[in-house]
Amino acid sequence: METLNYEMYINAPIQDVWNLLWNEETYQQWTQFFAEGSQFKSDWKVGGKTYFTDKSGDGMVSTIVSLNEPTEVVFRHLGTYKNGVEDTQSRDVKQWSGTEEKYFLRAVDDNTTELRAIVHADENLVDMMNTGFNKGFELLKKLRKAR
């Protein structure tokens, strides 16, 4: 596993950046670079369930281990989600289960927010993660300007 770091400054108040990240419409836009039709469904509870899925509804099941809106959310990936079935026990899943995806937001001033993401990724996924986060965070900046 590799630990990857992404950072972006966005000219927007911290709550606005948080909302861009997790609003259903804008989430699908900035995460399109990971998978077409990316979706996100969460109960927003520590220890609860969160699903990161593609347009077919398949993807990952995760949990929130830390939540402090609008400054921090940490997801721990538990397994896969396919055809409505969670797999947290197979041999393939256990190789990466427990990896985390962390988002940190810091207000630099009233209208500038530092957005950081730290993710654990298998070395086979590094290029996809780099493309997804770099292009996705750039799109967040553009989405903010458009509002």
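Rules behind the numbers
Residues numbered from 1 in each chain as written. Predicted model: local features only at pLDDT ≥ 70, side-chain atom pairs only at ≥ 80, totals over all residues. Heavy atoms only, no water. Helix = DSSP H or I, 4+ residues; strand = E, 2+ residues; numbered from the N terminus. Contact = heavy atoms within 4.5 Å. Buried < 20%, exposed > 50% of the residue type's maximum accessible area, 1.4 Å probe, protein only. Pairing = 2+ DSSP bridges. UniProt positions renumbered as here; feature names shortened; annotations may be inferred. Core = buried A, V, L, I, M, F, W, Y, C linked by side-chain atoms within 4.5 Å. Phe/Tyr/Trp six-rings, centres within 6.5 Å; stacked < 30°, edge-to-face > 60°.

Student: What is the right way to look at the environment of Phe75 in this model?
Tutor: Tracing the chain through its elements places Phe75 in strand E5 (residues 72–82). Residues Phe75 and Val65, spaced ten residues apart in sequence, show a C-alpha to C-alpha distance of 5.9 Å. For Phe75, the residues in contact, after removing those within four places along its chain, are Trp22, Phe40, Trp44, Thr50, Phe52, Thr63, Ile64, Thr99, Glu100, Glu101 and Tyr103.

Student: Looking at this structure, I do not really get the environment of Gly136. What am I missing?
Tutor: Tracing the sequence through the fold places Gly136 in helix H4 (residues 126–146). Residue Gly136 is classed as buried on the basis of its relative accessible area of 0%. Excluding residues within four positions of it along the chain, Gly136 makes contact with Trp30, Phe33 and Thr131.

Student: Could you clarify how one ought to interpret unusual backbone geometry in this entry?
Tutor: In most cases, non-glycine residues show a negative phi, while peptide bonds are predominantly trans. Across the junction of Glu69 and Pro70, the peptide omega takes the value 5 degrees, indicating a cis bond. Topologically, Pro70 is positioned in the loop between strand E4 (59–68) and E5. In this structure, Asn83 takes a positive phi of about 50 degrees despite not being glycine. On the secondary structure map, Asn83 appears in the loop between E5 and strand E6 (85–87). When its relative accessible area of 65% is taken as the criterion, Asn83 is described as exposed.

Student: Looking at this structure, I do not really get the pairing of E5. What am I missing?
Tutor: Across nine bridges, E4 lies against E5 in antiparallel orientation. The residue bridging Met60 from the neighbouring strand is Thr80, located in E5. Turn length for the E4-E5 hairpin, with the two strands adjacent in sequence and antiparallel, is three residues. Here E5 pairs with strand E7 (residues 100–109) via five bridges, running antiparallel. Among the inter-strand pairings, Val74 is bridged to a residue of E7, identified as Lys102.

Student: Explain the UniProt feature "domain: Activator of Hsp90 ATPase homologue 1/2-like C-terminal" (unreviewed entry) in the chain to me, please; I cannot follow it from the model alone.
Tutor: On the UniProt side, "domain: Activator of Hsp90 ATPase homologue 1/2-like C-terminal" (unreviewed entry) is annotated at positions that read residues 11–101 here. The span residues 11–101 is 22% helix and 37% strand, and its two end C-alpha atoms sit 23 Å from each other.

Student: How should the nonpolar core be read in this particular structure?
Tutor: One recurring pattern in soluble globular proteins: nonpolar side chains tend to sit buried together. One finds Trp22, Phe133, Phe137 and Leu140 to be the most contacted residues of the largest nonpolar core, which totals 31 residues. The set of elements that each furnish at least two residues to this core consists of strand E1 (2–10), helix H1 (14–22), helix H2 (24–30), E5, E7, strand E8 (112–121) and H4. Looking at which element gives the most residues to this core, the answer is H4, with seven residues. Not counting residues within four places of it along the chain, the set of residues in contact with Trp22 comprises Tyr27, Phe40, Trp44, Val73, Phe75 and Tyr103.

Student: Can you walk me through the environment of Met129 in this structure?
Tutor: Along the chain, Met129 turns up in helix H4. Separated by 41 residues in the primary sequence, Met129 and Thr88 have C-alpha atoms spaced 22 Å apart. With near-sequence residues (within four places) excluded, Met129 lies in contact with Leu4, Tyr6, Phe34, Ala121 and Asn134.

Student: Sorry, what's going on with the packing of aromatic side chains here?
Tutor: Any two aromatic rings considered together are summarised by their centre-to-centre distance and by the angle between their planes. With the rule as written, the count across this model stands at 24 aromatic pairs. Between Phe52 and Phe75 the ring centres are 5.1 Å apart and the planes differ by 85 degrees, which places this aromatic pair in the edge-to-face class. Of the two residues, Phe52 sits in strand E3 (residues 50–53) while Phe75 sits in strand E5, which places them 23 residues apart along the sequence. In terms of burial, Phe52 and Phe75 fall into one category: buried. Geometrically, the ring pair formed by Tyr103 and Phe133 is tilted, given 6.3 Å between the ring centres and 45 degrees between the ring planes. Of the two residues, Tyr103 is situated in strand E7 and Phe133 in helix H4; the sequence distance between them amounts to 30 residues. Accessibility expressed as a relative area gives 1% for Phe133, which makes it buried.

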